[in-house]
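Okay, here's what each chain looks like letter by letter:
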Amino acid sequence: MSLLSVRDLYVSFPSEAGDVLAVRGMSFDLERGRTLALVGESGSGKSVTSLAIMGLHPESATITGSVMLDGAELLNESDAAMSKIRGNRITMVFQDPLSALTPVYSVGEQIVETILIHNPDTTKKAAWERAVELLAIVGIPNAAERARAFPFEFSGGMRQRVMIAMAMANQPDIIIADEPTTALDVTIQAQVLEVLQRAQAETGAAMILITHDLGVVAGYADEVVVMYAGRPVEQGSIADIFYRPSMPYTIGLLGTVPRLDHKSGEPLPVLDGNPPDVVHLPPGCPFALRCPLANAQCSQSEPELQEVSPGHVAACVRLSEVVGKEHAEIFPTPPLERAVLAKVPREQRDTVLELMNLRKHFPLFKGALYRRQVGVVRAVDGISLDVKKGETLGLVGESGSGKSTTLLEILELLKPQQGSIVVLGHDTATLTKTQRRQLRQHVQVVFQDPMAAVDPRMTVFDIIAEPLQAFAWEKAKVEKRVFELLSLVGLQPEHADRFPQHFSGGQRQRIGIARALALNPSILVLDEPVSALDVSIQAGIINLLEALQHKLYLSYLIVAHDLAVVRHISDRVAVMYLGSIVEVGTVNALYDEPAHPYTQALISAIPIPDPNIERARRRIVLQGDLPNPSDEVPGCKFSSRCPKLTTLLDSERTKCLTQVPSLEKIGAKDHQVACHFSEALRVF
Amino acid sequence: MTKYVIKRSLNYLVLLFVACSFAYLLAASFLNPYSVYFGRQPPVDPDVIESIMRECNLSNQVSLWERYTTWLTKIVTDWDWGCSPLQVSVNEQIGMRVWVSLRLVLIGTLGGVIIGVLVGAWTATRQYRIPDRVYTFLSLLIICTPSFVLGIMLQILATKANNALGVRVFEFVGEKGPMGDYPLAELVDRLQHLLLPTIVLILLTAASLSRVQRNLMLDSLGADYVRTARAKGLPKSKAVMKHALRTALIPTGTYVAFTVATMFVGATYTERVFSFPGMGQYGVDTILAMDVNGIVATTAFAGVCVVCGAILADIVVAILDPRVRLS
Ligand SMILES: Nc1ncnc2c1ncn2[C@@H]1O[C@H](COP(=O)(O)OP(=O)(O)OP(=O)(O)O)[C@@H](O)[C@H]1O
Ligand code: SF4
Ligand code: SF4
Ligand SMILES: [Mg+2]
């Protein structure tokens, strides 16, 4: 008998538009100690499935099917009966650690509560000791003392550790982790995943891992269920899914993810379109609208899961034809028209943006009534960069490393606190008001969700036309330009009079790009342009950005936390740590031969969506969080977390702790590193 | 924390002083205390009036600045807040009324707070169901009704009830009345008089607080940490009480601390309707009676109440919210 057995699970919610069919026909078995991954795009029903298993779904939901734990039915159990199981036999780790802990109780109290609910005979003291022990297991330093701290005193990664400590407190049979690392930095993600694995080993629990990150799946899952529009469309072992995917959606998904371990230079294969609305599902295969293989048969009735090989099932009417096909045979890769400029070597191109020793310090105040300065945050602490025409520079680093501040400094086009910003040959310190306004046309920005900042009552036309009107374009010319821009970013003319809320994430991003391009800028600053998008949508935007760059000779400065995306899109990459650049170079040099210990750790932390490669990697896991940026650090800023430091001789270590390393050229081309003991290292 | 409170209090003290001085100068220059003796039958001799005014430090023959310094000196040296144009001591009046108000306001707001929080929290868990809709309607009705209307309606109902019962159970004039001759008669009499105005205050406080609490509770009911609490194995009702309500009480704490303090002067209408000799009524009376010293004393009292409320609110929040306490 399986530990957990889910059969024909259907979950729907009433809504004004009709019933939301969130989960349709989910079935799987989970064995002790195994890890099952649920993957799928946003809204595919992953979270609803897990909440239904826990009995934590909204009361309005209608649920049918069966969920058996060790042969006992859980569906339709009372809240009281489920409460005995929750937190005891099945536990859960939620996505957002910032809001998942009650702010008014100390973390120790919250773990103690979990223990006492299910072990009423335990004394408070014993429970507290156990809580401290658990915190130590999940890697909270000074656990005895930190147990008394409140959630707000912990960083996101630390809180997620607390959640995991809570989830393992009662030796559960099953741990459900719903996007446990999505809200975290990659370095912290690596730490948390490691802790989660430790928790699983320690308790012998089975795990349901919900994630959209195929790299994480590749590293941790034994079995995989791929969901699409509420429906499991393919199920199998990790090797089945990654090496023998048999449903076009799975194939498309795997092919569309940019890879950290190689630079193709080609556009990403795309999965056009969006998942269907689960309120008004068309008959037939839900993937039909996006599937290049779709034919009349596909839209007749929804395909059932069929066996591909023992333990591997997929739902596709053309299964026999699909099995064995390569990704490229099904999904066409769009052609990319390269600019002539692409052949011109970097040194011969114009510099469009240059930062020299740029600094931005924020004074840190304390006290509500009597504000006094207690320090400075060195958000950007003397960085130099240059971007050439038609080139993309990626800026990476953990959150808090100063990437966004750098972008904002550039966008303001003001005289910086120190150093200089030169845009298209103009030093921003010397600009007059009118010159600055003129220059602004040439530097535009695209945010993560550009529509979040616009008036929702504006139509797409108004949104795109606004910058033109601000520069007093004639009405007729504005109109012509807006339609030109719409087609440039792949939108239809009839989209012009709709409102942004009616568009999907990818389309909204296209509107944002059209608006940014309205004034024919030379430089586009992109702040996490694809991080809110599902992988299948993300590829389309990345390709669009690349195509536009070649067409319009644009220069990009892009900030993204996904290093695989950065690798795909950038020509050069700069790595920031606590306001300084620690390594900069061409994308291949930096990824294939990273020389700074921080860059190595950062790249090493990114999972690769290939189980064999991923499981063979030795990961460099950074200890701890980003230190407080207002602390004064003598010597190398990275020394508090540097994994290399421990391997050095005492005399060498003294150098790290006392002398600030400066950016020095190493190896070929313009690869520069700020580390006294830099050494190129392949990390995958 | 203590240091912080002391610092805050000193700040407030300065503010209070400025406010009172300002109130004094305004009242002393615009009010005409002489007018209370105008049109008396038989007329009062102007010399007599003038000597009374001088004695009360109200004479318009004396310069404003001199009156101000006399007023201030008396307060600082003897804690004497002066007297009304009719020579009634302000200290005496306030000394008596504060306790009357205290009884009414403390019982009224505390009762209102408890009911308001419970009703608000409970209706939030029943959002859009019948009890929620009923309570929402009732509380909005009460909020929309001016307090004197509410008071008068209660009086009418009470009269009917008294008639029906044939005994005077409900009293609604003044703070005490003729009382029987049995043990604890005074206590019973006072309670009888206190009952109706207290109900009015409870209703008013509970009605508005239950709205506030309901919205706060709705926010925290949907919070991730409540789901976490349930995922740990707390049954729904316990998760709601221990996690959602506890967190939703933080803003309520501030609100309540403030209301209790300001209610001393805020219960004016209720006091009027029930002829309750409390501070609120005193405030109105002093204005009508051209009682400069009384007005300023009431202002000072109201100011102290607000300051106490603010400090109390700070303390309450610090107790309820570790984020404030620790940073
Ligand atoms: N309480 C609810 N009422 C109505 N519809 C809901 C409710 N909860 C979820 N849904 C709908 O159910 C569908 C599945 O949602 P679910 O949260 O399971 O997706 P998911 O796969 O977890 O997505 P994500 O990756 O964004 O977390 C979505 O269409 C969602 O809008
Ligand atoms: S059933 Fe048809 S539309 Fe669906 S995945 Fe298979 S081929 Fe594509
Ligand atoms: S300088 Fe020293 S501490 Fe800094 S990164 Fe290099 S080895 Fe590590
Ligand atoms: Mg989800």
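Now for a description of the structure that goes with this document.

**A look at the sheet that holds strand S3 (residues 35–39) of chain A**
Residues and elements named next belong to chain A.
(1) Moving on: If you trace the eight strands from one edge of the open sheet to the other, you get S6-S7-S8-S3-S9-S10-S12-S11, paired in mixed fashion. Each of the sheet's edge strands pairs with one partner strand only, and the pair in question is strand S6 (90–93) and strand S11 (306–309). The mean inter-strand angle of the sheet, taken between neighbouring strand axes irrespective of direction, is 20°.
(2) Moving on: Where S3 meets strand S9 (residues 223–228), four bridges bridge the pair, whose relative direction is parallel. In the sheet register, Val 39 faces S9, and the bridge partner there is Val 226.
(3) Moving on: Of the strands in this sheet, S3, S6, strand S7 (174–178), strand S8 (206–210) and S9 touch helix H1 (residues 46–54), which is tilted by about 145° from S6.
(4) Moving on: Lying over the sheet, helix H8 (residues 186–203) contacts S3, S6, S7 and S8, oriented at roughly 160° with respect to S8.

**A look at the nonpolar core**
(1) Moving on: Counting 114 residues, the largest nonpolar core has Leu 4, Ile 174 and Ile 208 of chain A as its most contacted members.
(2) Moving on: With eight residues, helix H7 (residues 156–168) of chain A is the largest single contributor of residues to this core.
(3) Moving on: Counting only domains with at least three residues in this core, you end up with domain 1 (4–221) and domain 2 (231–330) of chain A.
(4) Moving on: Excluding anything up to four places from it in sequence, Ile 174 of chain A contacts Leu 3, Leu 4, Leu 30, Leu 69, Arg 89, Ile 90, Thr 91, Ala 205, Ala 206 and Ile 208 of chain A.
(5) Moving on: In this structure, Tyr 24, Tyr 37, Trp 71 and Ala 300 of chain B belong to the second largest nonpolar core, which totals 47 residues.

**Regarding the pattern of salt bridges**
Residues and elements named next belong to chain B.
(1) Moving on: This structure, assessed with the given rule, holds 48 salt bridges over all chains.
(2) Moving on: As a salt-bridge pair, Arg 214 and Asp 132 come within 2.8 Å of each other at their nearest N and O atoms. With a gap of 82 residues between them, Arg 214 in helix H7 (residues 185–221) and Asp 132 in helix H5 (residues 130–144) connect regions that are remote in the sequence. Like Arg 214, the residue Asp 132 is buried in the burial classification.
(3) Moving on: Of the charged contacts, one joins Arg 168 and Glu 171 as a salt bridge, the two residues approaching to 3.1 Å between their closest N and O atoms.
(4) Moving on: Judged by its relative accessible area of 47%, Arg 168 falls in the partly exposed class.
(5) Moving on: Among the residues examined, Glu 171 registers a relative accessible area of 13% and is labelled buried.

Rules behind the numbers
- Residues numbered from 1 in each chain as written.
- Chains lettered and ligands numbered in written order.
- Predicted model: local features only at pLDDT ≥ 70, side-chain atom pairs only at ≥ 80, totals over all residues.
- Heavy atoms only, no water.
- Pairing = 2+ DSSP bridges.
- Helix = DSSP H or I, 4+ residues; strand = E, 2+ residues; numbered from the N terminus.
- Axes fitted to C-alpha atoms, helices over the stretch in contact; angles between N-to-C directions.
- Contact = heavy atoms within 4.5 Å.
- Core = buried A, V, L, I, M, F, W, Y, C linked by side-chain atoms within 4.5 Å.
- Buried < 20%, exposed > 50% of the residue type's maximum accessible area, 1.4 Å probe, protein only.
- Domains from an automatic or database assignment.
- Salt bridge = Lys/Arg side-chain N within 4 Å of Asp/Glu carboxyl O.

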